[in-house]
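Structural features, examined
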Amino acid sequence: RAKTDGRGIARVFVEEMERLVRERREMEVDLQTAWRERQFFLLYQPIVEAESGRIAGFEALLRWRHPERGLVNPTSFIPIAEETGLILPLGAWVLTEACAAATAWPDDLFVSVNLSPIQFRGAEAFRQVRSALESSGLAPSRLEVEITESTLLHEGPMVRATLEQFSEEGITVALDDFGTGYSSLGYLRTLSIGRIKVDRSFIEQVETSPQSLAIVRAIIGLARTLGLRCTAEGVETEGQRRLLTTEGCSHLQGYLLGRPGSAEEALRRACASAA
Ligand code: C2E
Ligand code: MG
Ligand code: MG
Ligand code: MG
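This is a predicted model, so every value here is computed, not measured.

**Topic: the coordination of the magnesium ion (ligand 2)**
Those protein atoms acting as donors to the magnesium ion (ligand 2) are E59 (OE), N114 (OD1), E146 (OE) and D176 (OD), and they sit at 2.0 to 2.2 Å. Positions of the donor residues of the magnesium ion (ligand 2), expressed as sequence spacing, correspond to E-x54-N-x31-E-x29-D.

Structure representation (structure tokens):
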């Protein structure tokens, strides 16, 4: 039955390509609808002080509630939002929403927002941050912005200048997923970075792989020496927590400390932790 001749294979290939293009096109259209119909919302995951166990802040994480597909993960729609340009209004909305949420928390807590490389084209990132701070009234020192190495990879004078402006305003710049990209340690010396976030892939194996442990130790040591804060991402076990705290990592984030939760849950957690 199944045709194994060349023409059959070519046909299957073409059909598969057509299916991918169709799905992709659907996703683009659905994203536009999602934006119009406000299907996006934010969850907030606690970032905890390793020594005291107190909540230091929350990372805002974007979610999309699709009417048929249900909850869609940001890793599957952000790349498309970046290609279509939707990430610009969407990213501005995330900043505004997250800053507004943080104003309800005790005022020693920060909110951390992920920025896309696209937001750094033009002076968009700075304008959006400014406007979110103005509309919410949040103190700039209570905002962190997370960038990845992909933002620095295409680093032009604009990225450098924007990061400098952020730190002049008292906004902390965090280098996300550290150790996974094309890390150049030079970034840490020449750019205005205040925090390193050690990628989850290293934390996952920190107890079982001597190599991962060595890398995590080196990153924590580097952060301490340079006077940067350091967050371990994806902490899931008590053993990881103990080890990272002993090694001198200043902050921990992961399911062990708390899963991403609604704005209401974040407010409850924030107040409970301060009490
Ligand atoms: P990220 O910034 O590195 O965020 C951390 C991711 O790890 C989140 O996935 C979080 O839910 C997950 N995570 C936290 N703790 C644990 C743990 O203990 N175990 C495991 N297995 N996972 C954990 P999420 O929310 O699916 O976000 C994925 C990525 O999407 C983020 O990675 C970030 O790069 C991007 N993203 C999320 N929200 C935004 C946004 O508003 N704007 C932009 N540009 N990117 C965003
Ligand atoms: Mg992040
Ligand atoms: Mg991260
Ligand atoms: Mg990560």
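Here the narrative resumes, following the displayed structure.
**A word on the layout of surface pockets**
By volume, the largest pocket amounts to about 1,200 Å³. Lining the largest pocket are 39 residues, and of these E59, L61, P74, T75 and N114 lie nearest its centre. Within the residue set of the lining of the largest pocket, elements represented by two or more residues are β1 (40-49), β2 (55-66), α2 (74-84), α3 (87-102), β4 (110-114), β6 (172-178) and α8 (200-204). Class assignment of the residues belonging to the lining of the largest pocket gives a composition of 15 nonpolar, 13 polar and eleven charged. Each pocket or cavity is described by its volume, and for the second largest pocket that value is around 170 Å³. P117, I118, F120, R121, T151, H154, G156, M158 and V159 together form the lining of the second largest pocket. A class-by-class count of the residues in the lining of the second largest pocket yields five nonpolar, three polar and one charged.

**Quick notes on the state of the cysteines**
Taken as a whole and judged by the stated rule, the model has zero disulfides. No disulfide involves C99; its nearest neighbouring cysteine sulfur is the one of C271, lying 18 Å away. The thiol sulfur of C249 is not disulfide-bonded, and the nearest other cysteine sulfur, from C230, lies at 4.0 Å.

**Structural notes on the confidence of the model for the chain**
Mean pLDDT for the chain: 94, with 98% of residues reaching 70 or above. As a predicted assembly, this complex carries a pTM of 0.95 together with an ipTM value of 0.98.

**A few points about the coordination of the magnesium ion (ligand 4)**
Tetrahedral coordination by four donors sets the ideal angle at the metal to 109.5 degrees; octahedral coordination by six donors sets it to 90 or 180 degrees. Taken together, D177 (OD) and E233 (OE) make up the protein donors of the magnesium ion (ligand 4), found 2.2 to 2.7 Å from the metal. A relative accessible area of 27% means that D177 is categorised as partly exposed. What makes E233 buried here is its relative accessible area of 10%.

**Quick notes on the pairing of β1**
Looking down a regular strand, the side chains alternate between one sheet face and the other. Along β1, eight of the ten residues are buried, which leaves the element largely enclosed by surrounding structure. Sheet topology note: the β1/β2 ladder contains nine bridges and is antiparallel. Considered in β2, the bridge of P46 is made with F58. If you look at the hairpin formed by β1 and β2, you'll find five residues sitting between the two strands, and G53 has a positive phi there, around 80°. Both β1 and strand β9 (residues 251-252) contribute to a ladder of two bridges, which runs antiparallel. Among the inter-strand pairings, V48 is bridged to a residue of β9, identified as L252.

**Observations regarding the packing of helix α4 (residues 124-136) against helix α6 (residues 157-169)**
Look at α4 against α6: their axes get within 9 Å of each other, and the N-to-C directions meet at 25°. Taken together, the axis directions place α4 and α6 in an arrangement best described as roughly parallel. Two packed elements cross with a definite hand, and for α4 against α6 that hand is right-handed. Across the interface between the two elements, A125, F126, V129 and R130 from α4 touch T162, Q165, F166 and E169 from α6. Residues of the contact of α4 with α6, tallied by class, amount to four nonpolar, two polar and two charged.

**Let's talk about the packing of α3 against α4**
Taken N-terminus to C-terminus, the directions of α3 and α4 make an angle of 35°; their axes are 8 Å apart at the nearest point. When you trace α3 past α4, the crossing you get is right-handed. Packed against α3, whose contacting residues are L88, G91, A92, L95, T96, C99 and A100, the element α4 presents E124, Q128, V129, A132, L133, S135 and S136 at the interface. Its residues assigned to classes, the contact of α3 with α4 shows eight nonpolar, five polar and one charged.

**Overview of the nonpolar core**
Y44, F77, W105, L143, L163, F166 and L244 are the most contacted members of the largest nonpolar core, which has 74 residues in total. Broken down by element, the residue count for this core peaks at eight residues, all from α3. Ignoring sequence-local partners within four residues, the contact set of L163 consists of F120, I147, L152, V173, L191 and S192.

Reading the values: rules and limits
Along each chain, residues carry numbers from 1 onward, in the same order as the chain's sequence is written. Think of it this way: whatever chain is written first is A, whatever ligand is written first is 1, and the rest follow in order. For a predicted model such as this one, the threshold for reporting local features is a pLDDT of at least 70, and the threshold for listing and counting side-chain atom pairs is 80 or more; totals across whole chains, interfaces and linings nevertheless cover every residue. Side-chain numbers here rest on the full set of heavy atoms in the structure, without hydrogens or water. Note that water is not among the atoms considered, so a metal site may appear incomplete; the donors listed are N, O and S atoms within 2.8 Å of the metal, with 3.2 Å applied to Na, K and Ca. Whether a set of points on the 1 Å grid over the protein atoms alone is a cavity depends on a 1.4 Å probe fitting there but being unable to get out, while an open set qualifies as a pocket with protein on both sides within 12 Å along at least five of seven lines; lining residues are those with an atom within 4 Å of a point. Grid points are joined across faces, edges and corners, and a volume is the space filled by probe spheres set on the points. Secondary structure elements are defined from DSSP: runs of H or I of at least 4 residues count as helices, runs of E of at least 2 residues count as strands, and each element is numbered from the N terminus. Under the grouping applied here, Gly and all other residues not named as nonpolar or charged are polar, the nonpolar ones being Ala, Val, Leu, Ile, Met, Phe, Trp, Tyr, Cys and Pro and the charged ones Asp, Glu, Lys and Arg. When two cysteine sulfur atoms lie within 2.5 Å, the pair is treated as a disulfide. Residue-level confidence of the predictor is what pLDDT reports, using numbers from 0 through 100. Under the scheme applied here, a residue whose accessible area is under 20% of the maximum for its type counts as buried, over 50% as exposed, and between as partly exposed, the area being computed with a 1.4 Å probe on protein chains only. By the convention used here, strands pair only if DSSP detects at least 2 bridges between them. Only the stretch in contact is used when fitting a helix axis, every axis being a line fitted to C-alpha atoms; angles between N-to-C directions are given from 0 to 180 degrees. Any angle between 65 and 115 degrees counts as roughly perpendicular, while under 35 counts as roughly parallel, over 145 as roughly antiparallel, and the rest as oblique. Note on convention: the crossing is left-handed when the near helix lies turned anticlockwise from the far helix by less than a right angle, right-handed when the turn is clockwise. By definition, residues are in contact when any of their heavy atoms lie within 4.5 Å. To qualify as a nonpolar core, a set must consist of buried Ala, Val, Leu, Ile, Met, Phe, Trp, Tyr and Cys residues joined through side-chain atoms within 4.5 Å.

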